[in-house]
Amino acid sequence: MTHVVITGTGLYTPEHAIDNAALVAAFNAWVDSENEQHAGAIARGEREPLAHSSSEFIEKASGIKSRYVLDAAGILDPQRMRPKLPQRGNDEPSIQCEMATAAAQQALATAKVDAADIELVIVACSNLERAYPAVAVEVQQALGTSGYGFDMNVACSSATFALETAANAIASGSVKRALVVNPEICSAHLNFRDRDSHFIFGDACTAVVLENSVIAVADEQFEILGTRLVTQFSNAIRNNAGFLNRVTDSDPLALDKLFVQEGRRVFREVCPMVAKLITDHLASLELVGGDLKRMWLHQANRHMNDLIARKVLGYDPSETQAPIILDRYANTSSAGSIIAFHLHREELVEGDIGVICSFGAGYSAGSVVIRRL
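**Things to note about the nonpolar core**
Among the nonpolar cores identified, the biggest contains 52 residues, and Val274, Ile278, Leu292, Met295, Ile308, Val312 and Phe359 are the most heavily contacted of them. When contributions to this core are tallied by element, the ones reaching two or more residues are helix H1 (20-37), helix H8 (263-284), strand S11 (292-297), helix H9 (302-313), strand S12 (353-360) and strand S13 (364-372). Top element by residues in this core is H8. It accounts for nine residues. Setting aside residues up to four positions removed in sequence, Val312 forms contacts with Ala275, Ile278, Thr279, Leu282, Gly289, Leu292 and Met295. Counting 36 residues, the second-largest nonpolar core is a separate cluster that includes Leu120, Ile170, Tyr329 and Ile356.

**Regarding helix H11 (residues 335-343)**
Burial within H11 is extensive, with eight of its nine residues counted as buried. Among the residues making up H11, those that are buried are Ala335, Gly336, Ser337, Ile338, Ile339, Ala340, Phe341 and His342.

**Looking at the pairing of strand S6 (residues 177-185)**
Burial within S6 is extensive, with nine of its nine residues counted as buried. Taken together, the four bridges between strand S4 (residues 120-124) and S6 define a ladder with parallel strand orientation. By the bridge assignment for S6, Leu120 is matched with Ala178. Of the pairings in the sheet, the one linking S6 to strand S7 (residues 203-212) comprises nine bridges and is antiparallel in character. Pairing of Leu179 across the sheet is with Val209, part of S7.

How each quantity is defined
- Residues numbered from 1 in each chain as written.
- Predicted model: local features only at pLDDT ≥ 70, side-chain atom pairs only at ≥ 80, totals over all residues.
- Heavy atoms only, no water.
- Core = buried A, V, L, I, M, F, W, Y, C linked by side-chain atoms within 4.5 Å.
- Buried < 20%, exposed > 50% of the residue type's maximum accessible area, 1.4 Å probe, protein only.
- Helix = DSSP H or I, 4+ residues; strand = E, 2+ residues; numbered from the N terminus.
- Contact = heavy atoms within 4.5 Å.
- Pairing = 2+ DSSP bridges.

Shown next as structure tokens:
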């Protein structure tokens, strides 16, 4: 039987950071401008005044205090309120390729693996820079890996779905080593003029090296004991941007072409689904919640993570047992659970068991149970 191990991870963090105070100041300046512009309609009762945001509101609602982004100036400009990223020529590396190679090089170094020995590259994220050619094939060229590569999108669960795909490829014998990268530019699909969501996302990229255990030489190895995925269609989280927008004559700047969600509904429907996924997955491996030393959960909302962990463990998790990184990274979509794993695993000892779990639009959720070797 082939055993698959995770032998290295990498993290690319943008240089720009925006704390809640700066984000709120920009948002409130825009709100004041809009309310002043429509003062007459507001006075006549034809239009509701827009409400200010606040750091207290953001932290209470989500647990987020700051976020990293590829461009802060454009986001904090009340006249623009979206990142400003220069268009690149076809012969220049794409933004996601640069993010991916930076994270991948760190993961390869930790795994003690040469890029040429990687036979499969999967770029898995919520939004891809272009339809084709695949960003994964560009990353393959940039790194100098062998074999093949492809892109995949399962929104916030893209990383765990890609981990299962890569693990299955290794287990089947079709490849010996694989690289999964998650370049998330979430700031580009966020509506920074929506009070209920303008604070949610940040940008980052993660990378994971997986290998057949027989050839792995890394100092630190985590065996994948099992993976389990689930999807259930829902419109509660949606983004309608796509190539058909231009032929359906829909407005490419309409609000539904950005991130839209029904937050309370998502909380109510996703939390029990994810808790059941993890619990059932553990049971299939003859494990229970109490066997988990670590839960690296999707980093979207502090309250969701606390509730899911409590349902699985049967008690309130400690900061160590269910680490939170969204306070400084915000929601980085598929990269979130991998960032948590990357930053919070060093003190685990041989035999310790943990779960990497993601959940998001779709609905989609993925569980990867691992054991420290």
